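Listed below, chain by chain, are the residues.
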Amino acid sequence: MSRKVVLITGASSGIGRAAALAFAVADYHVVGVARRQERLAELAEQIAALPAPHGDFLPITGNVTQANDVETAVAQALERFGRLDIVIANAGVGLRGELVATSWQDIETLLHVNIDGVLHAIRAAVPAMQRSGGGHIMIVSSVLAAIPSPYSACYSASKAFISSLARSIRVELAPHSIHVSDFLVGRTETEFNQKRLGKGERKDSRIPNMQPEQVAAAMVNCARRPRNTVVLRWFDRLLLLANHFFPNLLTYLAGRQYR
Ligand SMILES: NC(=O)c1ccc[n+]([C@@H]2O[C@H](COP(=O)([O-])OP(=O)(O)OC[C@H]3O[C@@H](n4cnc5c(N)ncnc54)[C@H](OP(=O)(O)O)[C@@H]3O)[C@@H](O)[C@H]2O)c1
């Protein structure tokens, strides 16, 4: 049987990069999309040097805000590997600051990457998955999808958008044998915090961050045993449980982290 193929947006760093390595080790062919070509080239070298057996890596320089770039990535995946089984809509940026004090440019960038980017990946991948007989969409959302956060309002709203999308399209795509998983990720040690738009880095929490490799391992497990919603840490499960009973308190506490 030919190897399964996974396309990952935002594969040049953090969770996407760790996922590319984890899927290659698990013997999937991986298509990695991001803007930083040199980072993708480094990753390609690292995957090529893995002990056999491992999947191949196809790096594709592209911007997820451009539908054409994502469509081209899917077309190249099909040309090279002949199928597409999984898409991980992972590329994303953060934004910190009061809504009215944030530049429109930053807000627009966030919405284009976190919302348009996810829509482009799904819309490009679904026809290819249908041709491959089914598939799996993994959406990289955040615990802040469920806990709207002051001083990061547009970010949490963008994640609420994609988590809502995941729930709706799960039903639409089930007849096509395409499963949709929503990853409610908590704080993870990546470049994300330093690259956050607006006021930039947020203050440290006393709870240790997850490592991107933990999220990547959960994605490989989810590919083997599909789940609707994935929450990785006990701490995040506790937050979501508390949010169920005391939503305003949790939003207040989230605001203290981002202020
Ligand atoms: N780290 C956390 O604490 C945390 C918590 C919850 C959820 N998440 C979510 O996890 C996902 C991955 O974030 P991360 O933590 O791994 O951060 P990261 O290390 O900053 O990675 C972000 C990735 O997105 C890519 N990207 C950004 N804009 C893009 C664009 N316009 N086109 C194509 N690729 C683009 C970046 O690549 P290029 O710059 O090379 O294009 C990079 O590969 C995001 O959706 C984030 O919201 C992260």
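Above this note sits the structure.
Here is what the cut-offs are and how they apply
Residues numbered from 1 in each chain as written. Predicted model: local features only at pLDDT ≥ 70, side-chain atom pairs only at ≥ 80, totals over all residues. Heavy atoms only, no water. Pairing = 2+ DSSP bridges. Helix = DSSP H or I, 4+ residues; strand = E, 2+ residues; numbered from the N terminus. Axes fitted to C-alpha atoms, helices over the stretch in contact; angles between N-to-C directions. Parallel < 35°, antiparallel > 145°, perpendicular 65-115°, else oblique. Left-handed = near helix turned anticlockwise from the far one by under 90°. Contact = heavy atoms within 4.5 Å. Nonpolar A, V, L, I, M, F, W, Y, C, P; charged D, E, K, R; others polar. Patch = residues over 30% accessible without salt bridge, like charges linked within 9 Å, V, L, I, M, F, W, Y side chains within 5 Å. Areas by Shrake-Rupley, 256 points an atom, 1.4 Å probe, with all protein chains shown as cover. Salt bridge = Lys/Arg side-chain N within 4 Å of Asp/Glu carboxyl O. Near = heavy atom within 4 Å. Polar contact = N/O pair within 3.5 Å; in protein donor to acceptor, adjacent residues only side chain to side chain. Expected span 1.5 Å × (residues − 1). Buried < 20%, exposed > 50% of the residue type's maximum accessible area, 1.4 Å probe, protein only. Arc of directions from axis to C-beta.

1. Here's the deal with the sheet that holds strand β9 (residues 229-230)
Logical step 1: With respect to topology, seven strands assemble into an open sheet ordered β3-β2-β1-β4-β6-β7-β9, the strand pairing being parallel. The open sheet has two edge strands with one neighbour each: β3 (57-61) and β9.
Logical step 2: Strand direction decides the pairing type here: strand β2 (residues 29-34) and β3, joined by five bridges, are parallel. Bridge pairing links Gly32 to Pro59 in β3.

2. Observations regarding the packing of helix α3 (residues 67-81) against helix α4 (residues 104-131)
Logical step 1: Where α3 contacts α4, the two axes come as close as 8 Å, and the packing angle between them is 25 degrees. With respect to each other, α3 and α4 are oriented roughly parallel. For the crossing formed where α3 meets α4, the hand is right-handed. Within the contact between the two elements, α3 uses Ala67, Val70, Glu71, Val74 and Leu78 and α4 uses His120, Ala121, Ala124, Ala125, Ala128 and Arg131.
Logical step 2: Here the residues of the contact of α3 with α4 sort into eight nonpolar, one polar and two charged.

3. Some points on a nonpolar patch on the surface
Logical step 1: On the surface, a nonpolar cluster with roughly 920 Å² of combined accessible area is contributed by Trp234, Leu238, Leu241, Phe245, Phe246, Leu249, Tyr252 and Leu253.
Logical step 2: Elements supplying a minimum of two residues to the nonpolar patch: α8 (234-245) and α9 (247-258).
Logical step 3: Here the nonpolar patch gets four residues from one element, more than from any other, and that element is α8.
Logical step 4: Mapping Leu238 onto the fold places it in helix α8.

4. Considerations on the site of the ligand
Logical step 1: Not every one of the 30 residues close to the ligand is listed here, only the nearest: Ser12, Arg35, Asn90, Tyr155 and Thr190.
Logical step 2: Within the side chain of Tyr155, an N or O atom sits 2.7 Å from an oxygen atom of the ligand.
Logical step 3: Here an oxygen atom of the ligand sits 2.6 Å away from a polar atom, N or O, in the side chain of Thr190.
Logical step 4: Expressed as a share of its isolated accessible area of 890 Å², the protein-covered part of the ligand is 96%.
Logical step 5: Those elements that place two or more of their residues in the shell around the ligand are α1 (14-25), β6 (135-142), α5 (153-173) and α6 (192-195).
Logical step 6: The leading source of residues in the shell around the ligand is β6, at three residues.

5. Section: α1
Logical step 1: Between its first and last C-alpha, α1 extends 17 Å over 12 residues, near the 16 Å set by a 1.5 Å rise per residue.
Logical step 2: Buried residues dominate α1, accounting for nine of its 12 residues.
Logical step 3: Of all the residues in α1, the buried ones are Gly14, Ile15, Gly16, Ala18, Ala19, Ala20, Leu21, Phe23 and Ala24.
Logical step 4: Just downstream of α1 lies Asp27, where phi reads positive at about 75 degrees.

6. Some points on the side chain of His54
Logical step 1: Relative to the elements of secondary structure, His54 occurs in the loop between α2 (37-48) and β3.
Logical step 2: Given a relative accessible area of 15%, His54 falls into the buried group.
Logical step 3: Polar contacts involving the side chain of His54 include one to the main-chain carbonyl oxygen of Leu50, which spans 3.4 Å.
Logical step 4: Leave out the neighbours within four places in its chain, and His54 touches Arg3, Ala24, Asp27, Ile47 and Ala48.

7. Considerations on α2
Logical step 1: Taking 1.5 Å of rise per residue, 12 residues should cover 16 Å, and α2 covers 16 Å from first to last C-alpha, within 8% of that figure.
Logical step 2: Leu40, Leu43 and Ile47 are the residues of α2 that are buried. The arc enclosing the buried residues of α2, seen along the axis, measures out at 60 degrees, which places them on a common side. In α2, the exposed residues that point more than 90 degrees away from the buried face are Glu45 and Ala48.
Logical step 3: Looking at the buried positions of α2, the neighbouring elements they touch are α1, β2 and β3.

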